[in-house]
2 protein chains.
Amino acid sequence: MQKHFTKEGIAELETLYRRNLMNTLIGFKNANLIGTKDSKGQTNLAVFNSFVHLGANPPHIAFVMRPTTVERHTYDNIRETGFYTINHIQTDIVKQAHQTSAKYPKEVSEFEACGLEEEYKNHFFAPYLKGANIQIGLKFVEEIYIKTNDVYLMVGEVQEFYIQEDCIRSDGFIDLAKAQTAVISGLDAYYEATEIARYSYARPNQEIQSIF
Amino acid sequence: MQKHFTKEGIAELETLYRRNLMNTLIGFKNANLIGTKDSKGQTNLAVFNSFVHLGANPPHIAFVMRPTTVERHTYDNIRETGFYTINHIQTDIVKQAHQTSAKYPKEVSEFEACGLEEEYKNHFFAPYLKGANIQIGLKFVEEIYIKTNDVYLMVGEVQEFYIQEDCIRSDGFIDLAKAQTAVISGLDAYYEATEIARYSYARPNQEIQSIF
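Okay, so let's go over this structure. The written sequence of each chain sets the order in which its residues are numbered from 1. A letter from A marks each chain and a number from 1 marks each ligand, given out in the order of writing. Whole-chain, interface and lining totals are the exception, using all residues; otherwise, since this is a predicted model, local features are given only for residues with pLDDT of at least 70 and side-chain atom pairs are given and counted only at 80 or more. By convention in this description, side-chain values take in all heavy atoms of the structure and omit both hydrogens and water.

As a further point, take the overall build of chain A. Secondary structure elements are defined from DSSP: runs of H or I of at least 4 residues count as helices, runs of E of at least 2 residues count as strands, and each element is numbered from the N terminus. Assigned secondary structure in chain A consists of five helices and 13 strands. C-alpha atoms of chain A, sized along the principal axes, occupy 60 × 50 × 30 Å. Burial analysis of chain A (212 residues in total) assigns 62% to the buried set. We call two residues in contact when some of their heavy atoms are within 4.5 Å. A separation threshold of at least 6 residues defines the contact pool for chain A, and within that pool the share at least 24 residues apart is 59%. As displayed, chain A offers around 8300 Å² of accessible surface, 47% of which is attributable to carbon and sulfur atoms. Within chain A, the 27 negative side-chain charges are centred at a point lying 4 Å from the centre of the 21 positive side-chain charges. Exposure categories follow from relative accessible area, calculated using a 1.4 Å probe and restricted to protein chains: below 20% of the type maximum is buried, above 50% is exposed, and the middle band is partly exposed. Note on areas: Shrake-Rupley with a 1.4 Å probe; residue coverage comes only from the protein chains shown. In this tally, Asp and Glu contribute negative charge and Lys and Arg positive charge; neither His nor the terminal groups of the chain are included. Think of each charge as sitting on NZ of Lys, CZ of Arg, CG of Asp or CD of Glu.

Further remarks concern the relation of the copies chain B and chain A. After a rotation of 180° and a shift along the axis of 0.0 Å, chain B superposes on chain A with an RMSD of 0.0 Å. Such a combination of rotation and displacement between the chain copies is what one expects of a two-fold axis. Every residue of chain B has its C-alpha some distance from the rotation axis, and the shortest such distance is that of B:A193, at 2.2 Å. Looking at chain B, 100% of its interface residues are interface residues in chain A too, so the copies touch through the same face. Overlaid copies result from least-squares superposition on C-alpha atoms, with residues included only where pLDDT is at least 70 in both.

All right, on to empty space enclosed by the protein then. A cavity, in this analysis, means grid points on a 1 Å lattice covering only the protein atoms where a 1.4 Å probe fits yet has no way out; a pocket is instead an open set bounded by protein on both sides within 12 Å along at least five of seven lines, and a residue lines either one if it has an atom within 4 Å of a point. Grid points are joined across faces, edges and corners, and a volume is the space filled by probe spheres set on the points. Tallying each qualifying case throughout the model produces one cavity of 30 Å³ or more. Roughly 60 Å³ of volume is contained in the largest cavity. Taken together, 15 residues line the largest cavity, and the ones lying closest to its centre are A:N30, A:F51, B:N30, B:N49 and B:F51. Those elements that provide at least two residues to the lining of the largest cavity are β2 (29–30) and β5 (51–56) of chain A together with β2 (29–30) and β5 (51–56) of chain B.

A:N57 connects to A:P58 through a cis peptide bond whose omega is 5°. Structurally, A:P58 is set in the loop between β5 and β6 (59–65). Not every positive phi belongs to a glycine, and B:N205 is a case in point at roughly 55°. Within the fold, B:N205 resides in the segment after β13 (189–198). A relative accessible area of 80% places B:N205 in the exposed class.

A separate point is the environment of B:T24. Tracing the chain through its elements places B:T24 in helix α2 (residues 15–24). It is 9.6 Å that separates the C-alpha atoms of B:T24 and B:A189, two residues lying 165 residues apart in sequence.

This paragraph deals with the interface of chain B and chain A. On the side of chain A, 104 residues touch chain B, which itself brings 104 residues to the contact. We define buried area as the total accessible area lost by two parts upon association, computed with a 1.4 Å probe and summed across both. Taking both partners together, chain B and chain A bury about 9600 Å²; carbon and sulfur atoms supply 61% of that area. The term salt bridge refers to a pairing of a side-chain nitrogen on Lys or Arg with a carboxyl oxygen on Asp or Glu at a separation within 4 Å. The tally of links between chain B and chain A comes to six salt bridges. Ionic pairing is found between B:D188 and A:R198, a salt bridge with its closest N-O pair at 3.0 Å. Two N or O atoms count as a polar contact when they lie within 3.5 Å, although within protein this holds only if one can serve as hydrogen donor and the other as acceptor, and sequence-adjacent residues are included solely when both atoms are side-chain atoms. Summed over the shared surface of chain B and chain A, the result is 60 residue pairs in polar contact (both at pLDDT 80 or more). Considering only residue class, the side of chain B that touches chain A consists of 51 nonpolar, 33 polar and 20 charged. When DSSP locates at least two bridges between a pair of strands, those strands are taken to pair. Alignment of strand β13 (residues 189–198) of chain A against β13(B), held across nine bridges, turns out to be antiparallel. Note that in β13(B) the partner of A:R198 across the bridge is B:A189. As a working rule, the residues Ala, Val, Leu, Ile, Met, Phe, Trp, Tyr, Cys and Pro are called nonpolar, Asp, Glu, Lys and Arg charged, and the rest polar, with Gly in that last group.

Both faces of the sheet carry side chains from a regular strand, because those side chains alternate between them. All names here are of chain A. Counted residue by residue, strand β3 (residues 32–37) has six buried out of six residues, so it is predominantly covered. Side chains N32, I34 and T36 project from β3 onto one buried face, and the interleaved L33, G35 and K37 project onto a second face that is buried too. Bridge count for β3 against strand β4 (residues 43–48) is six bridges, and the pairing is antiparallel. Its bridge partner being in β4, T36 is matched across the sheet by N44. Hairpin connection from β3 to β4: five residues lie between these consecutive antiparallel strands, with G41 at a positive phi of about 100°.

By themselves, these observations are geometric and do not establish any function.
This is the structure:
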């Protein structure tokens, strides 16, 4: 049985119900931890789930941020220092990753509070998550304010990244299932992904093939 | 063994390798088919994977579009008519969904060419994908041009949506695994997701609990 929601009906839903419903509506989301450090050396780690690939040249990644919430420290650190890391959440640390969403005071590092470890390398300013199979170092490029929803699209340029070598296939495709990268739904649910198929480039009137 | 890529190294990679690498780098992506119709009645259906939730009030969803590619017809139809649908790709139609990415001429509907069916209801202008467990009807709000990567962030307001009733939990959370919603990685790989855990609201110094 299909349930039908209208724009007017959405507005009248109980707040928490609406938040869960609307946050799960677009489908699955990526699962990353953003690592930052302020100019005094205080680190922060926070779970984010709304990243999009903007392009490979220049290598830009954007994510959605609500700086009026618990995401404030991440926002402030990025604006203050210009650098941050994106670290894939692996399926074996989803509980610790979720714990980073708690409202810790600024002087508490989520790395320590949540049982996770910082890693510094190649003189990159912001902390990586130690042990993450995929770690990306970014430089802040611009923020795009979306007034209707009071959110920012934060655009960053990839400066460097690290990947477990055996997770990259010969054509550059990263095997995210092998990297144990988790998937998020809504604000609080974590999933693991299993590959159904990878397909060849589609052309009209031609059968697509499975590729590896 | 970790492989290290730098910004300079990314720029020098072979084009296809770089495209695969950078498109899989941010982690898993959502899997949706956008349905549109031009003012003459010609329909279009195309796979997209970069959607973000902007907010529940107003209920806005954004997605990334490269209108200079095969995505042109979708872009033109949205701008011409102002309406489009987002339909979750279920795990049993990933092959047909991928086939919609082929460069069909404008006068060919991907619905028909890929063995999928249009559905019209509640006088909504754009076609839904028949049989999709989650179908969303949107009205175009604005496009935000991101010059550095020559892409558009297309913002839409949810006008209505349909969900199989048994996929919604009591608190509004949509069970995407039960809805058989697929997950995408890169440009061509499709996954199914299995729930690891859903966690309670995180608070400092408090153990998070699994919830259902």
